[in-house]
Number of protein chains: 2
Amino acid sequence: MNREPRMVQVRQNVLKQNDMVARALREEFRRSGVFVVSLVSSPGAGKTTLLEKTLAGSQGSRRVAALVGDLATENDARRLARSGAPVRQIVTGTVCHLDAMMVRRALEGWDLSALDFLFIENVGNLVCPAAYDLGEELRLVLVSVTEGEDKPLKYPPIFHGADLVVITKTDLADAVGFDRQALRKNLEGVAPGVPILEVSARTGFGMEEWLALLEERAAAARTV
Amino acid sequence: MNREPRMVQVRQNVLKQNDMVARALREEFRRSGVFVVSLVSSPGAGKTTLLEKTLAGSQGSRRVAALVGDLATENDARRLARSGAPVRQIVTGTVCHLDAMMVRRALEGWDLSALDFLFIENVGNLVCPAAYDLGEELRLVLVSVTEGEDKPLKYPPIFHGADLVVITKTDLADAVGFDRQALRKNLEGVAPGVPILEVSARTGFGMEEWLALLEERAAAARTV
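Residues numbered from 1 in each chain as written. Chains lettered and ligands numbered in written order. Predicted model: local features only at pLDDT ≥ 70, side-chain atom pairs only at ≥ 80, totals over all residues. Heavy atoms only, no water.

### With respect to the sheet that holds strand 7 (residues 196–198) of chain A
All names here are of chain A.
- Pairing is parallel across the open sheet formed by 7 strands, whose spatial order is 3-2-4-1-5-6-7. Because the sheet does not close on itself, it has two edges, and the strands there are strand 3 (87–91) and strand 7. Within this sheet the neighbouring strands show an average axis-to-axis angle of 20 degrees, counted without direction.
- Here helix 2 (residues 47–58) sits on the sheet and contacts strand 1 (35–40), strand 2 (64–70), strand 4 (117–121), strand 5 (138–144) and strand 6 (164–168); the angle it forms with strand 4, its principal contact strand, is near 165 degrees. (Pairing = 2+ DSSP bridges. Helix = DSSP H or I, 4+ residues; strand = E, 2+ residues; numbered from the N terminus. Axes fitted to C-alpha atoms, helices over the stretch in contact; angles between N-to-C directions. Contact = heavy atoms within 4.5 Å.)

Take a look at the structure:
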């Protein structure tokens, strides 16, 4: 008794529903003038740390907020809230990704037009988030130098869906014998032409370039 | 229109089917006298590297084989086959974990009684593999020192289901400011009493202890 076909059909319905909600969210984000960025990666690639530095770097000059997804704990929300930005945690239980409905629920009661940037940190997972549009304008996929240069080849859907790839923890590149050329070649293979940034949240390397790119993309989106 | 309840029901049927197949596999493994070990972790935590060293360290004295799961590519199977051990790749497409049916299909035609050890490397994922029994005797969950000490708290089901936790890349512990006490405390919180090994496949640290533990567990299983 193979129940896979039924599973596939139900999954397609769920995805269709997700796409409808994501489309409505994207329209609402544009209407409100908030630029929405999502972050996807393996567990431990440095999403929260990059976000911490980004919130700290934008506070004062920009109105920023964040949603963070995890199976369990509110640790990341607590970490990020130290920046002073409004932060909400989405606890997914056993679900391996955020979906548009979770984002919509988490935003209830927020005045989006009071924000310049909203960041959405997904559950740490290089597979499941691929199929779920969250209504974001810019999807970052992070990959750390410690993970191995083959990751784009082994997890093609997630890298294929990236608007920007951020290579993190570059301060560890020498210690792990990171092969920059190999990773870039593999990225080019599954996501031709995707922009790539290298950062080290620890040393600050690349952070200025990242914040500038963010401003540039947001400005471009507002003039559309 | 919320389709989640139907999704949950279908998922429960899939899990029930998986458990039945896994139970049959476990019986077959025991009858054949092969000790089956599975490896689960984030992408890039070092499953394939640990397996490479394990196959190399066991060849000659033990009859070993491996199954490796990935969304795409046969890279890992090629890497592992260099050891001389029989290796088969399971390509999952977009599925974020192995299941017992995939394992059964991949083993077709193999004479299990000709093996002492069979290793099953799961797709890199700290969420999805948690619910799927593969019929293994020993489930390893790997976590690298570069991922952050909070991972057990943020991905409790996978650590809760571990028979053994292997902390990898200990050669990078100083470079990343790894807090051993914090990780052990967090592991104890979600998986009280779980045995923990520390290894560096690069330097060889802990490999002797790992191979000894493997022999010991296999011997204990044979006398049951």
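### Section: the environment of Pro86(A)
- Mapping Pro86(A) onto the fold places it in the loop between helix 3 (75–81) and strand 3.
- Sequence spacing of Pro86(A) and Trp110(A) is 24 residues, and the spatial spacing of their C-alpha atoms is 9.7 Å.

### Comments concerning the relation of the copies chain A and chain B
- Superposition of chain A onto chain B requires a rotation of 180 degrees combined with a translation of 0.0 Å along the rotation axis, giving an RMSD of 0.0 Å. Viewed as a symmetry operation, the transformation between the two copies matches a two-fold axis.
- Of all interface residues in chain A, 98% are interface residues in chain B too; the two copies therefore contact each other through one and the same surface. (Least-squares fit on C-alpha atoms with pLDDT ≥ 70 in both.)

### Overview of the nonpolar core
- With 50 residues, the main nonpolar core has Tyr155(A), Phe159(A), Tyr155(B) and Phe159(B) as its most contacted residues.
- The residues touching Phe159(A), leaving out its near neighbours within four places in the chain, are Leu126(A), Val141(A), Val143(A), Lys151(A), Pro152(A), Val165(A), Leu187(A), Val190(A) and Ala191(A). (Core = buried A, V, L, I, M, F, W, Y, C linked by side-chain atoms within 4.5 Å. Buried < 20%, exposed > 50% of the residue type's maximum accessible area, 1.4 Å probe, protein only.)

### A short note on the interface of chain A and chain B
- Facing the 44 residues of chain A at the interface are 44 residues of chain B.
- Summed over both partners, the interface of chain A with chain B comes to about 3,700 Å²; 56% of that surface belongs to carbon and sulfur atoms.
- When residues of chain A are sorted by the area they lose upon contact with chain B, Met7(A), Pro43(A) and Lys154(A) head the list and together hold 16% of the total.
- The partner of Asp70(A) in a salt bridge is Lys154(B), with the nearest N and O atoms 3.9 Å apart.
- At the boundary of chain A with chain B, the tally comes to 12 residue pairs in polar contact (both at pLDDT 80 or more).
- Where the side of chain A that touches chain B is concerned, the elements lending two or more residues are helix 1 (4–32), helix 3, helix 5 (151–154), helix 6 (156–160) and helix 7 (173–176) of chain A.
- With 9 residues, helix 1 of chain A is the largest single contributor of residues to the side of chain A that touches chain B.
- For the side of chain A that touches chain B, the per-class residue count stands at 19 nonpolar, 13 polar and 12 charged. (Buried area = accessible area lost by both parts, 1.4 Å probe. Salt bridge = Lys/Arg side-chain N within 4 Å of Asp/Glu carboxyl O. Polar contact = N/O pair within 3.5 Å; in protein donor to acceptor, adjacent residues only side chain to side chain. Nonpolar A, V, L, I, M, F, W, Y, C, P; charged D, E, K, R; others polar.)

### Side note on the pairing of strand 2 of chain A
Residues and elements named next belong to chain A.
- Taking burial as the measure, the 7 residues of strand 2 include 7 buried ones, the bulk of the element.
- By the alternation rule, side chains of strand 2 split into Val-64, Ala-66, Val-68 and Asp-70 and Ala-65, Leu-67 and Gly-69, which are all buried.
- Pairing geometry for strand 2 and strand 4, over 5 bridges, is parallel. Looking at the pairing, Val-64 lines up with Phe-117 of strand 4.
- Judged from the 5 bridges that link them, strand 2 and strand 3 form a sheet pairing that is parallel. Across the sheet, residue Asp-70 finds its bridge partner in strand 3, namely Val-91.
- Taken together, strand 2, helix 3 and strand 3 form a β-α-β motif whose crossover is right-handed. (Right-handed = clockwise from strand over helix to strand, strands pointing away.)

### A look at the packing of aromatic side chains
Residue and element names in this part refer to chain B.
- For the structure on display, the rule yields 4 aromatic pairs over all chains.
- Note on Phe-35 and Phe-117: the rings are 6.1 Å apart at their centroids and 85 degrees apart in plane angle, and the pair reads as edge-to-face. On the criterion of sequence distance, the pair formed by Phe-35 in strand 1 (residues 35–40) and Phe-117 in strand 4 (residues 117–121) is long-range, its members being 82 residues apart.
- Exposure remark for Phe-117: the relative accessible area of 2% places this residue in the buried category. (Phe/Tyr/Trp six-rings, centres within 6.5 Å; stacked < 30°, edge-to-face > 60°.)

### With respect to the sheet that holds strand 3 (residues 87–91) of chain B
Residues and elements named next belong to chain B.
- Taking strand neighbours across the sheet as the criterion, the 7 strands line up as 3-2-4-1-5-6-7 in an open arrangement whose pairing is parallel. On the outer flanks of this sheet lie strand 3 and strand 7 (196–198), each paired with one strand and no other. Between one strand axis and the next, the sheet turns through 20 degrees on average, direction left out of account.
- The strands touched by helix 2 (residues 47–58) within the sheet are strand 1, strand 2 (64–70), strand 4 and strand 5 (138–144), with strand 4 carrying the most contacts at an inclination of about 165 degrees.
- Where helix 9 (residues 207–222) meets the sheet, it contacts strand 1, strand 4, strand 5, strand 6 (164–168) and strand 7, and its direction lies at approximately 135 degrees from that of strand 1.

### Remarks on the pairing of strand 5 of chain B
All names here are of chain B.
- Strand 5 sits mainly inside the fold: 7 of its 7 residues count as buried.
- Here strand 5 shows two buried faces, one formed by Leu-138, Leu-140, Leu-142 and Ser-144 and the other by Arg-139, Val-141 and Val-143.
- In this sheet, strand 5 lies alongside strand 1 in parallel orientation, the contact comprising 4 bridges. Following the sheet pairing, Val-37 is matched in strand 5 by Leu-138.

### Brief notes about helix 9 (residues 207–222) of chain A
Residues and elements named next belong to chain A.
- With 16 residues, helix 9 extends 23 Å between its outermost C-alpha atoms, agreeing within 8% with the 22 Å of an ideal straight helix rising 1.5 Å per residue.
- All of the buried residues in helix 9 are Met-207, Trp-210, Leu-213, Leu-214 and Ala-218. An end-on view of helix 9 places all buried positions within 130 degrees of arc, on one side of the element. Opposite its buried face, helix 9 presents the exposed residues Glu-208, Glu-209 and Glu-216, each directed more than 90 degrees away.
- On the buried face of helix 9, the contacting elements are strand 1, helix 2, strand 4, strand 5, strand 6 and strand 7. (Expected span 1.5 Å × (residues − 1). Arc of directions from axis to C-beta.)

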